[in-house]
Amino acid sequence: MFERSSAGFVIGGTRTNPPPSLNFVRALWFCLLKATRWRFTFYLSIFFYGIRFLWTAPWFWDTRQCWYNYPFQPLTSRLYYYYILELAFYWSLMFSQFTDIKRKDFLIMFVHHLATIGLITFSYMNNMVRVGTLVLCLHDASDFLLEAAKLANYAKYQRLCDAFFMLFGVVFIVTRLGIYPFWILNTTLFESWELIGPYPSWWLFNGLLITLQILHVIWSYLIIRIAYKALVRGKDQLKAQQVWTRLAADSGRVTAPFR
């Protein structure tokens, strides 16, 4: 009597078009899905490109190499394309914020994109590309996991979504609150001061890096809060399911409303 098809609804053998609100939701869902798939593909590809490139770079194993013979360090083609791809991508993210759905973290993301674009541009102009590649690769390490969690959520695989998000949270906190300050900020603040001394642009460069660190702390707090709420909600659902199962068993009926 009432069926739903990909083209619309079938009521009593007569095909009708879906309501405009449903078309809007479908279009919105497909836009979000395509954007998430694109970000996941880019983050994953650029992360493995960066790892492969940096694995043979001497400054990946010894950060003091970032400052030896500075600023007379060669700019290879692989390093150049790495920088240009990252810069173009973050410009696209910043512009897409104004055409995407307005989110609660709009201002924080806007500041992050500005700081990132400023760092990429500034480090390229000042030939600080060695330490710049370390910053880029470190930030890409967790981003593709978040996009994977979103894709799993869109596909209605909640357990897979939760697993990806938990993994993302762990990698994010370890890289941004652990490795970033003790590896990146250590070389830009202390090793660079020791090897080449403070220069006029040194203050701006480290100011932008510290701005990123402040944003990392804010996001880590938000991630921990979301994970905690999800954990509490999961425990409440499990308790409710256990209570319902006991009541159903006592009444001689075994049903399970929670799935």
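Structural data are supplied above this passage.
Described in the following lines is the structure provided in the data block. (Residues numbered from 1 in each chain as written. Predicted model: local features only at pLDDT ≥ 70, side-chain atom pairs only at ≥ 80, totals over all residues. Heavy atoms only, no water.)

**Points about a nonpolar patch on the surface**
Judged by side-chain polarity, Leu75, Tyr80, Tyr81, Ile84, Tyr124 and Met125 come together as a nonpolar surface patch covering roughly 600 Å² of accessible area. Of all elements in the fold, only helix H3 (77-96) and helix H4 (106-125) reach the threshold of two or more residues within the nonpolar patch. Examining the composition of the nonpolar patch, we find that three residues originate from one element, H3, more than from any other. As for its position among the elements, Tyr80 is in helix H3. (Patch = residues over 30% accessible without salt bridge, like charges linked within 9 Å, V, L, I, M, F, W, Y side chains within 5 Å. Areas by Shrake-Rupley, 256 points an atom, 1.4 Å probe, with all protein chains shown as cover. Salt bridge = Lys/Arg side-chain N within 4 Å of Asp/Glu carboxyl O. Helix = DSSP H or I, 4+ residues; strand = E, 2+ residues; numbered from the N terminus.)

**Re the packing of aromatic side chains**
The full count for this structure, using the stated rule, is 27 aromatic pairs. Taking the centre distance of 4.9 Å and the plane angle of 80 degrees together, the rings of Trp55 and Trp61 count as edge-to-face. Accessibility assignment for this pair places Trp55 and Trp61 in one class, exposed. Ring geometry for Phe165 against Phe168: centres 6.0 Å apart, planes inclined by 45 degrees, an arrangement best described as tilted. (Phe/Tyr/Trp six-rings, centres within 6.5 Å; stacked < 30°, edge-to-face > 60°. Buried < 20%, exposed > 50% of the residue type's maximum accessible area, 1.4 Å probe, protein only.)

**Considerations on H4**
Between the first and last C-alpha of H4 there are 28 Å, a value that for 20 residues agrees with the 28 Å anticipated at 1.5 Å per step. Turning to H4, its buried residues number three or more, namely Phe106, His112, His113, Ala115, Thr116, Ile117, Leu119, Ile120, Phe122 and Ser123. Once H4 finishes, Asn127 follows within two positions and takes phi at roughly 60 degrees, a positive value. (Expected span 1.5 Å × (residues − 1).)

**Describing the pattern of salt bridges**
As enumerated under the stated definition, the model contains four salt bridges in all. Of the charged contacts in the structure, one is a salt bridge between Glu194 and Arg64, with a shortest N-O distance of 3.2 Å. On the criterion of sequence distance, the pair formed by Glu194 in helix H6 (residues 158-195) and Arg64 in the loop between helix H2 (58-61) and H3 is long-range, its members being 130 residues apart. Judged by its relative accessible area of 56%, Glu194 is exposed. Under the relative-accessibility criterion, Arg64 is labelled partly exposed at 24%. The closest approach of N and O atoms between Glu147 and Lys150, which form a salt bridge, is 3.7 Å.

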